[in-house]
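Each chain, written out:
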Amino acid sequence: MKLYVTFTSPYARLGRILVLEKALEDRVDVIEAKTRVANSPYYQINPSGRVPYLVDDSGAGMEDSQIICAYLDSLDGKPRFHDPRRRTDWAYQRLEFAARNMCEGILVWSREMHRPENERSPSVLAHEAARGRRMADVFEERVADPLMQDGPSMARLILAVALDAAARRGFGDLTTGRPQLAAWMHAMSDLPSMQRTAPP
Ligand SMILES: N[C@@H](CCC(=O)N[C@@H](CS)C(=O)NCC(=O)O)C(=O)O
């Protein structure tokens, strides 16, 4: 299989973490794609131009971290990050999707900051900065929940890559002044799969 990524994308990082966690390194080639440039050869492989993108053993391609992570987790018939009992565990699902939306907001902020200064929207930046802080306050309370404390789950991985992206991309360290979140993130950062996928 081939997993197309950029080494800075938090969504691609989720796929890379699953490759490591599921011991799939021998089966999945991780390939760097050139995104966000005109006429990238990558658009011949994935016309949407986004990462992550997985080409499976049959040659079929799929995009989006959500389906790619679920697929990689399912290959051995023992999904750990997508426990089937969680599909209708709405308390868990609420946490996972809150983390996804927090991550998306941080990335909107980051993309806006990548634009030339005269093209940036101050109102978008302020809106996303405020969203990120509100969501960090939410997770300062919620990380104590056993659903966020115990066992492997996508909710935990998504929140961890989102917080790490915020810290690395200039959004700011959202764990500062939030002791529960800081302690939680400290433990998550020790995971070998988090360390081995840290952006350059
Ligand atoms: N919902 C998608 C989002 C993927 C996404 O937006 N990836 C960004 C990198 S973080 C990307 O590929 N950007 C390149 C582009 O927009 O052309 C997922 O979860 O995989």
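Residues numbered from 1 in each chain as written. Predicted model: local features only at pLDDT ≥ 70, side-chain atom pairs only at ≥ 80, totals over all residues.

### A look at the overall build of the chain
So, point 1. For the chain, the count of helices and strands is nine helices and four strands.
So, point 2. Of the regular secondary structure in the chain, the N- to C-terminal order runs β-α-β-α-β-β-α-α-α-α-α-α-α.
So, point 3. For 200 residues, the compact-globule estimate of 2.2 N^0.38 gives 16 Å, and the chain sits close to it at 17 Å.
So, point 4. Expressed as lengths along the three principal axes of its C-alpha atoms, the size of the chain is roughly 45 × 45 × 30 Å.
So, point 5. At a minimum sequence separation of 6, the contacts of the chain that also span at least 24 residues come to 66%. (Helix = DSSP H or I, 4+ residues; strand = E, 2+ residues; numbered from the N terminus. Rg over C-alpha atoms; globule rule 2.2 N^0.38 Å. Contact = placed C-beta atoms within 7 Å.)

### Some remarks on the site of the ligand
So, point 1. Surrounding the ligand, one finds 13 residues, the nearest of these being Ser-9, Tyr-11, Thr-35, Arg-50 and Ser-65.
So, point 2. Only helix 1 (10-21) and helix 3 (65-74) provide two or more residues apiece to the shell around the ligand.
So, point 3. In the shell around the ligand, the residues fall into five nonpolar, five polar and three charged. (Near = placed C-beta within 6 Å. Nonpolar A, V, L, I, M, F, W, Y, C, P; charged D, E, K, R; others polar.)

### Examining helix 3
For an α-helix the count is 3.6 residues per turn, leaving residues at separations of three or four pointing the same way.
So, point 1. Three or more residues of helix 3 are buried, namely Ser-65, Ile-68, Cys-69, Leu-72 and Asp-73. Taken around the axis of helix 3, the buried residues stretch over an arc of 130 degrees, which confines them to a single face. (Buried ≥ 20, exposed ≤ 12 C-beta atoms within 10 Å, placed from the backbone. Arc of directions from axis to C-beta.)

### Describing the domain arrangement of the chain
So, point 1. Taken domain by domain, the chain holds domain 1 (2-74) and domain 2 (84-196).
So, point 2. Centre-to-centre separation of domain 1 and domain 2, based on C-alpha positions: 21 Å.
So, point 3. Between domain 1 and domain 2, the contact holds seven residues from the first and 11 residues from the second.
So, point 4. Per-element tally for the side of domain 1 that touches domain 2: the top contributor is helix 1, with six residues.
So, point 5. Here the residues of the side of domain 1 that touches domain 2 are counted per class, giving five nonpolar, no polar and two charged. (Domains from an automatic or database assignment.)

### Describing helix 4 (residues 90-114)
So, point 1. With 25 residues, helix 4 extends 36 Å between its outermost C-alpha atoms, agreeing within 8% with the 36 Å of an ideal straight helix rising 1.5 Å per residue.
So, point 2. All buried positions along helix 4 are accounted for by Leu-95, Glu-96, Ala-99, Met-102, Cys-103, Gly-105, Ile-106 and Trp-109.
So, point 3. In this fold, the buried residues of helix 4 make contact with helix 1, helix 5 (122-142), helix 6 (146-149) and helix 7 (154-168). (Expected span 1.5 Å × (residues − 1).)

### Side note on the packing of helix 1 against helix 7
So, point 1. Two numbers describe how helix 1 lies on helix 7: the axes approach to 10 Å, and their chain directions differ by 135 degrees. The pairing of helix 1 with helix 7 is recorded here as oblique in orientation. When you trace helix 1 past helix 7, the crossing you get is right-handed. Listed contacts from helix 7 to Pro-10, Arg-13, Leu-14 and Ile-17 of helix 1 are Leu-157, Ile-158, Val-161, Ala-162 and Ala-165.
So, point 2. Looking at side-chain class alone, the contact of helix 1 with helix 7 contains eight nonpolar, no polar and one charged residues. (Axes fitted to C-alpha atoms, helices over the stretch in contact; angles between N-to-C directions. Parallel < 35°, antiparallel > 145°, perpendicular 65-115°, else oblique. Left-handed = near helix turned anticlockwise from the far one by under 90°.)

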